[in-house]
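Notes for the structure review
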Amino acid sequence: MDVQVRIERYADQGRCVGHIDGRVVFVRFALPGELVRVTLDEPHDRDDRFWTGEVAEVLEASEDRVPPAWLLAGPLAMGGGVGGADLVHVSLPGQLRWKAVTVSEQLSRLGHVEVAVPIERIDGDEALGGFHWRTRIEMIADDDGRPSMRRRGSHARVALDTMPLATKSLLAVADADHVWDGGFEPGAQIRLSVPEPRGDRRDADAIAAVGDNYAVLVDGELRSGSASLAEQVTVGDTTFEYTVDANGFWQIHRQAPIALANHVIDLAKQEIGDRPSACIWDLYSGSGLFTLPLATLVTPRTRMLSVEGARVAVKNAQRNLRHLDLADVDARCGDVEKTLMRVPAHLSRPDLIVLDPPRAGARAKVCRQMAASGAKSIIYIACDPTSLGRDAGTLRGLGYRLADVRAFDIYPMTHHVETVALFRR
Ligand SMILES: C[S@@+](CC[C@H](N)C(=O)[O-])C[C@H]1O[C@@H](n2cnc3c(N)ncnc32)[C@H](O)[C@@H]1O
């Protein structure tokens, strides 16, 4: 069924919201102020509290609307439907406006703090039109063995011959490895990981620069490249080397590790000042992206506890630390909440805590554990503004106030955004 709706405001998950006869409708590919014809998702029932649907026709367009530069990711009715770029209909400045509203609204609604949070674009993204930023991509092989994505609202799969969000180096590897030619087992999971930044070419020079520092994984098994990848991150004047698992977590945007690590270290230095030593916790620490610079750049003698749940990531973090002879870091594998129940005495009173949890956030128990540690400053890196808002509310009740917040657009063309918040008590 199609209905005509006046869109009122941004909502969650890349949708906007309007009303029909008093009932809320969440609409994909819309923008506030627009008049649109919406195809409602099936099934929808008279008794439903809300309906969902997708723009089929734009009758009055917002100034922020642009024709989707990646048609396949746009609305179904306009030849799209594969997902992965739910703001592809929004101009790049419009995407920043959208995310700024989302972050501020969640901090206000759940964190009870009123703050404007402008979203910062990452270097180079404007010139690339918001594309070519993913250093990791995942696809599923269709029935003919070709890389594909599912078309929304059906079981149909769409075979792909490129992925506009992927870096040019990644696309060069995909071309050289004949990934788009197919030949995979139907249903196989295909993952490509190509460390960046390495430049913006998709040719033989790009392949030479990559060497064997890439991975094509099929159902978790290495098809070509290397199972362990080398990443480099320059923080201030220091370049750190990381070994990371090709199948594990690493910040996806080619510049995200650099932007985030530099900002985290600036904040950490500001909080610790010129003290000769400090104790720092790095929670949800992955392969040690923040652990290495925190351990070396903040004070001359820093004691650290890092906690990460993925065993391979911890092994890599320990190896990355060993390369720098960093004996004062206790890199533990375990669930954060459980690990914080038994912290060795010499690490139990941190001056500063850095945490970078998954989308679900830290939750109340971990917030209470952080507060009980006596830490004066907490740097919270969040990929979900809703979890951040909720945890900000909990931290507020524990005596912390939001002292600084910045947000980075490390997921262009999508509604996702990374926020870095500093809490102080
Ligand atoms: C957003 S990533 C951040 C990793 C790292 N800070 C980085 O930027 O590379 C979140 C990490 O938390 C880990 N994780 C998720 N839930 C966890 C838990 N309950 N306890 C410990 N680690 C967890 C994941 O394995 C993942 O490596």
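About the thresholds
- Residues numbered from 1 in each chain as written.
- Predicted model: local features only at pLDDT ≥ 70, side-chain atom pairs only at ≥ 80, totals over all residues.
- Heavy atoms only, no water.
- Helix = DSSP H or I, 4+ residues; strand = E, 2+ residues; numbered from the N terminus.
- Rg over C-alpha atoms; globule rule 2.2 N^0.38 Å.
- Buried < 20%, exposed > 50% of the residue type's maximum accessible area, 1.4 Å probe, protein only.
- Contact = heavy atoms within 4.5 Å.
- Areas by Shrake-Rupley, 256 points an atom, 1.4 Å probe, with all protein chains shown as cover.
- Lys, Arg positive; Asp, Glu negative; His and termini not counted.
- Charge placed at Lys NZ, Arg CZ, Asp CG, Glu CD.
- Pairing = 2+ DSSP bridges.
- Axes fitted to C-alpha atoms, helices over the stretch in contact; angles between N-to-C directions.
- 1 Å grid on protein atoms, 1.4 Å probe; cavity = no way out; pocket = protein on both sides within 12 Å on 5 of 7 lines; lining within 4 Å.
- Points joined across faces, edges and corners; volume = space filled by probe spheres on them.
- Nonpolar A, V, L, I, M, F, W, Y, C, P; charged D, E, K, R; others polar.
- Domains from an automatic or database assignment.
- Buried area = accessible area lost by both parts, 1.4 Å probe.
- Salt bridge = Lys/Arg side-chain N within 4 Å of Asp/Glu carboxyl O.
- Polar contact = N/O pair within 3.5 Å; in protein donor to acceptor, adjacent residues only side chain to side chain.
- Near = heavy atom within 4 Å.
- Core = buried A, V, L, I, M, F, W, Y, C linked by side-chain atoms within 4.5 Å.
- Phe/Tyr/Trp six-rings, centres within 6.5 Å; stacked < 30°, edge-to-face > 60°.
- Lys NZ or Arg CZ within 6 Å of the ring centre and 35° of its normal.
- UniProt positions renumbered as here; feature names shortened; annotations may be inferred.
- Expected span 1.5 Å × (residues − 1).

Focus on the overall build of the chain
Helix and strand content of the chain: 9 helices and 21 strands. Its C-alpha atoms give the chain a radius of gyration of 23 Å, near enough to 22 Å, the size a compact globule of 425 residues would have. In terms of overall dimensions, the chain has a C-alpha envelope of 65 × 50 × 35 Å along the principal axes. Every one of the 425 residues in the chain was classed for burial, and the buried ones make up 54%. For the chain, restricting intrachain contacts to residue pairs at least 6 apart in sequence, the fraction spanning at least 24 positions comes to 67%. Accessible surface, the chain: about 18,300 Å² in total, of which carbon and sulfur atoms supply 49%. Of the charged side chains in the chain, 50 are positive and 59 negative; the average position of the first set lies 6 Å away from that of the second.

So, the sheet that holds strand β8 (residues 147-150)
The sheet built from 6 strands is open, its strands ordered β9-β8-β7-β10-β11-β12 with antiparallel pairing. What marks the edges here is a single partner per strand, and that holds for β9 (157-159) and β12 (221-225). Direction aside, neighbouring strands of the sheet carry axes that sit 35 degrees apart on average. Examined bridge by bridge, strand β7 (residues 136-141) and strand β10 (residues 189-193) share 5 bridges and lie antiparallel to one another. Each bridged residue has a counterpart across the sheet, and for Ile137 the counterpart in β10 is Leu192.

Observations regarding empty space enclosed by the protein
Within the structure shown, the criterion is met by 1 cavity of 30 Å³ or more. Surrounding the largest cavity, Thr135, Arg136, Glu196, Glu231, Trp250, Gln251, His253, Arg254 and Pro257 form its lining. Residue classes in the lining of the largest cavity are distributed as 2 nonpolar, 3 polar and 4 charged. Both of domain 2 (96-125 + 253-424) and domain 3 (134-230) provide at least three residues apiece to the lining of the largest cavity.

What to know about the domain arrangement of the chain
When cut into domains, the chain gives domain 1 (2-65), domain 2 (96-125 + 253-424) and domain 3 (134-230). Averaged C-alpha coordinates put domain 1 and domain 2 at centres separated by 36 Å. Listed by partner, the interface residues are 9 residues for domain 1 and 4 residues for domain 2. Summed over both partners, the interface of domain 1 with domain 2 comes to about 600 Å²; 61% of that surface belongs to carbon and sulfur atoms. It is Tyr10, Gly14 and Asp64 that lose the most area in domain 1 upon contact with domain 2, and together they represent 69% of the buried surface on that side. Taken together, the links from domain 1 to domain 2 amount to 1 salt bridge. As a salt-bridge pair, Arg97 and Asp64 come within 2.6 Å of each other at their nearest N and O atoms. Where domain 1 meets domain 2, there are 1 residue pair in polar contact (both at pLDDT 80 or more). Along the lines of polarity and charge, the residues of the side of domain 1 that touches domain 2 split into 5 nonpolar, 2 polar and 2 charged.

A look at the site of the ligand
Gln251, Glu308, Gly309, Asp335 and Asp356 are the nearest of the 16 residues found near the ligand. Within the backbone of Val336, a nitrogen or oxygen atom sits 3.0 Å from a nitrogen atom of the ligand. When the free accessible area of the ligand is taken as 590 Å², the share hidden by the protein chains comes to 82%. Tallied by class, residues from the shell around the ligand come to 8 nonpolar, 5 polar and 3 charged.

Notes on the nonpolar core
Counting residues in each nonpolar core, the largest one holds 95 residues, and the members touching the most others are Trp70, Met163, Trp180, Leu192, Phe290, Leu294 and Ile379. Considering every element that reaches this core, the biggest residue donor is helix α4 (residues 256-272), with 9 residues. Listed in part, the 37 residues of the second largest apolar core include Ala100, Tyr284, Tyr380 and Leu388.

Digging into the packing of aromatic side chains
Under the definition given, this model contains 4 aromatic pairs. Aromatic pair Trp133 and Tyr411: ring centres 6.3 Å apart, planes at 80 degrees, arrangement edge-to-face. Of this pair, Trp133 sits in the loop between β6 (119-121) and β7 while Tyr411 sits in the loop between β20 (401-409) and β21 (418-424), and the two are 278 residues apart along the sequence. Among the residues examined, Trp133 registers a relative accessible area of 1% and is labelled buried. Aromatic side chains Tyr242 and Trp250 sit 5.3 Å apart centroid to centroid with 55 degrees between the ring planes, which places their arrangement in the tilted category. Taken as a pair, Tyr242 and Trp250 share a single burial class, namely buried. Just above the ring of Phe26 sits the side chain of Arg15; from NZ or CZ to the centre is 4.5 Å. Between the NZ or CZ atom of Arg23 and the centre of the ring of Trp51, over which it lies, the distance is 4.1 Å.

With respect to the UniProt feature "active site" (unreviewed entry) in the chain
Per the UniProt record, the feature "active site" (unreviewed entry) sits at Cys383. In this structure, Cys383 sits in the loop between β19 (377-382) and α9 (385-397). In this view, Cys383 contacts Pro357, Pro358, Arg359, Tyr411, Val417 and Glu418; residues no more than four positions away in its chain are not counted.

Topic: α4
Owing to its 3.6 residues per turn, the α-helix aligns residues three or four sequence positions apart on the same side. Look at α4: 24 Å from first C-alpha to last across 17 residues, which is about the 24 Å you get at 1.5 Å a residue. With 12 of its 17 residues buried, α4 lies for the most part within the structure. Among the residues of α4, those classed as buried are Ala256, Pro257, Ala259, Leu260, Ala261, His263, Val264, Ile265, Leu267, Ala268, Glu271 and Ile272. Backbone geometry just downstream of α4 places Gly273 in the positive-phi region, at approximately 65 degrees.

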